[in-house]
Amino acid sequence: MTSIRAVLTIALAVFAICVVPVDAAAPAQPLPTARPGQVGLSAERLERMAGFFRGAVEKDAAAGYVLLVARHGKLVYSKAIGMRDREQQLPMTLATRFRIFSMTKPVTSVAVLMLYEEGRLQLDDPVARFLPEFAGARVYTGNDENGDPTTAPVQQPMTIRHLLTHTSGLGYVAQYDQTSELGKIWGALDLSGLGSLADKVRAIAGVPLYSEPGEQWRYSFADDVLGRVVEVVSGLPFDQFLKIRLFDPLAMRNTGFWIPERDAGLLARAYARDEQDVLQPVDATQYFGSPHDPNRAPAGGHGLISTAGDYLRFAQMLANGGSLAGRQYLSPVTVALMSSNQVPADAMAKYWGANSLGLGYGLGVAPVIDFRSAAQANMDGDYSWGGLLGTQWQVSPQSGIVAVLMTQVSPVGNAAAQRMYVDFRNLLYAAVATLEPAN
């Protein structure tokens, strides 16, 4: 059977037409409900979108999907399609849990920005103020005659803003650089045997940087470092800070770094294409660790497990300018800063390729900065950040749409999975009947 580590190390970064019915396994509705027509969406085209994903399951693009669409703060469409575990014949439901991988990063960014709003850190504070192991950061300059890396001290300190914008100079796991000498060093960094987040971050701090902080955009371990910053500044373990300050108040009851054994059957199984191009289950614990192991350290960059409904509440909070159900988590000013581009306009396309034209990067999310050149339907100001196994979400300030798509399938060797980012947004915007604001 294909190992998830082998697969992932070569990877790159539904419903009733009216009020959503609740199945026996489903949690409470994540938002108030409305009919699609009441908020300017086409019920017929939303159902067409669900039909597309049913077809994707039939074509073996994935085992199943969960899709939620909201507009102007109202949940208008919800569908669970296919299986969360084909081998056990367990269907997708609205209660299905997903490994959301890099959708953890926006959550980590919100935690940092909450501390920023309290005056406990500033965006341009040196990281070494909180994590002294970064005081001696060095930049990679090449290799000597023996093949050993050479380095030089950084000319400017790495800051919290650099971490939030992935311009810190840090590297990442092997799949993001398999060719350069420094990529080999970062790829050999094994954090799996280290017990705590503090231990992991100390190991990260010991590897040379790709560039001076602030010089280039590079996907990295930055959010794992930010999780440790949250621990140091708040005095709470990272997972406890998120639970106390975000998940419990937001009623994200099924979100966390671990899942109790009693809920093990609700966790969607991970799938990938094998050498024969057949969709097969894969062992996600080899990359992700066991979701039942409380000794597995929380990771600010990829560790959370969640449901579509829980993440919809998080996304709707951002769409509302930082508040939900009468409670404020961030200022609208801070949310605007978070979702505004902070990097050169071509930074994302240079790193990811042509499919990222029109995208920028803010403080933990990727805003659309030119919808005309984007590969998919978008509106300027939309923002999101997806997860490796196909989990996606979208906030659209101009249209008032918030949507979440969950699945668990590797994009490696799976063209349909690779296109899902584009297909999801094209189908979503095709369902817009009017751009008029809500009454």
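Residues numbered from 1 in each chain as written. Predicted model: local features only at pLDDT ≥ 70, side-chain atom pairs only at ≥ 80, totals over all residues. Heavy atoms only, no water.

Trainee: How would you sum up the environment of glutamine 240? Please name residues and give values.
Mentor: Take glutamine 240: it is sitting in helix H8 (residues 238–247). In this structure the C-alpha to C-alpha distance between glutamine 240 and valine 225, which are 15 residues apart in sequence, comes to 16 Å. (Helix = DSSP H or I, 4+ residues; strand = E, 2+ residues; numbered from the N terminus.)

Trainee: Please set out the packing of aromatic side chains residue by residue, giving values where relevant.
Mentor: Scanning the entire structure with this criterion turns up 23 aromatic pairs. Judged by centre distance (5.4 Å) and plane angle (90°), the ring pair of phenylalanine 52 and phenylalanine 53 falls under edge-to-face. Exposure remark for phenylalanine 53: the relative accessible area of 0% places this residue in the buried category. Ring plane angle 20° and centroid distance 5.2 Å describe the contact between tyrosine 172 and tyrosine 176, whose orientation is recorded as stacked. (Phe/Tyr/Trp six-rings, centres within 6.5 Å; stacked < 30°, edge-to-face > 60°. Buried < 20%, exposed > 50% of the residue type's maximum accessible area, 1.4 Å probe, protein only.)

Trainee: Give me unusual backbone geometry: which residues, what numbers.
Mentor: With a phi angle near 45°, phenylalanine 101 is a residue other than glycine that sits in the positive phi range. Mapped onto the secondary structure, phenylalanine 101 falls in the loop between strand E4 (98–99) and helix H3 (104–117). Although it is not a glycine, histidine 166 sits at a positive phi angle of roughly 55°.

Trainee: Describe the confidence of the model for the chain, listing the residues and the values that go with them.
Mentor: Residue-level pLDDT values for the chain average 92, and 93% of them are 70 or greater. In this model, residues 1–25 is a region of pLDDT below 50 whose contacts with residues beyond four sequence positions or in other chains number 82 contacts. (pLDDT = per-residue confidence, 0-100. Contact = heavy atoms within 4.5 Å.)

Trainee: Can you break down the packing of helix H6 (residues 197–205) against helix H7 (residues 222–234) residue by residue, with the values?
Mentor: Interaxial distance between H6 and H7 falls to 9 Å at its minimum, and their mutual angle equals 130°. Judged on the interaxial angle alone, H7 and H6 are oblique. At the point where H6 passes H7, the crossing takes the left-handed sense. Note on element contacts: H7 touches H6 through Asp224, Val225, Gly227, Arg228 and Glu231, opposite Leu197, Ala198, Val201 and Ile204. The residue makeup of the contact of H6 with H7, split by class, is 5 nonpolar, 1 polar and 3 charged. (Axes fitted to C-alpha atoms, helices over the stretch in contact; angles between N-to-C directions. Parallel < 35°, antiparallel > 145°, perpendicular 65-115°, else oblique. Left-handed = near helix turned anticlockwise from the far one by under 90°. Nonpolar A, V, L, I, M, F, W, Y, C, P; charged D, E, K, R; others polar.)

Trainee: Mind laying out the packing of H3 against helix H10 (residues 308–319), listing which residues take part and the relevant values?
Mentor: Running from amino to carboxyl end, H3 crosses H10 at an angle of 50°, the nearest separation of the two axes being 12 Å. With respect to each other, H3 and H10 are oriented oblique. In terms of crossing hand, the pair formed by H3 and H10 is left-handed. Contacts between H3 and H10 involve Pro106, Val107 and Val110 from the former and Tyr311, Phe314, Met317 and Leu318 from the latter.

Trainee: Please provide a residue-by-residue account of the environment of leucine 304, values included.
Mentor: On the secondary structure map, leucine 304 appears in the loop between helix H9 (285–288) and strand E9 (305–306). Classification of leucine 304 as buried rests on a relative accessible area of 0%. Sequence spacing of leucine 304 and proline 367 is 63 residues, and the spatial spacing of their C-alpha atoms is 22 Å.

Trainee: Lay out H7 in plain terms, naming residues and giving numbers.
Mentor: Its 13 residues place the ends of H7 18 Å apart at the C-alpha level, agreeing with the 18 Å of an ideal helix rising 1.5 Å per residue. Most of H7 is tucked away: 11 of the 13 residues are buried. Of all the residues in H7, the buried ones are Ala222, Asp223, Asp224, Val225, Leu226, Gly227, Val229, Val230, Glu231, Val233 and Ser234. Turning to H7, the residues buried within the fold contact H3, helix H4 (160–164), H6 and H8. (Expected span 1.5 Å × (residues − 1).)

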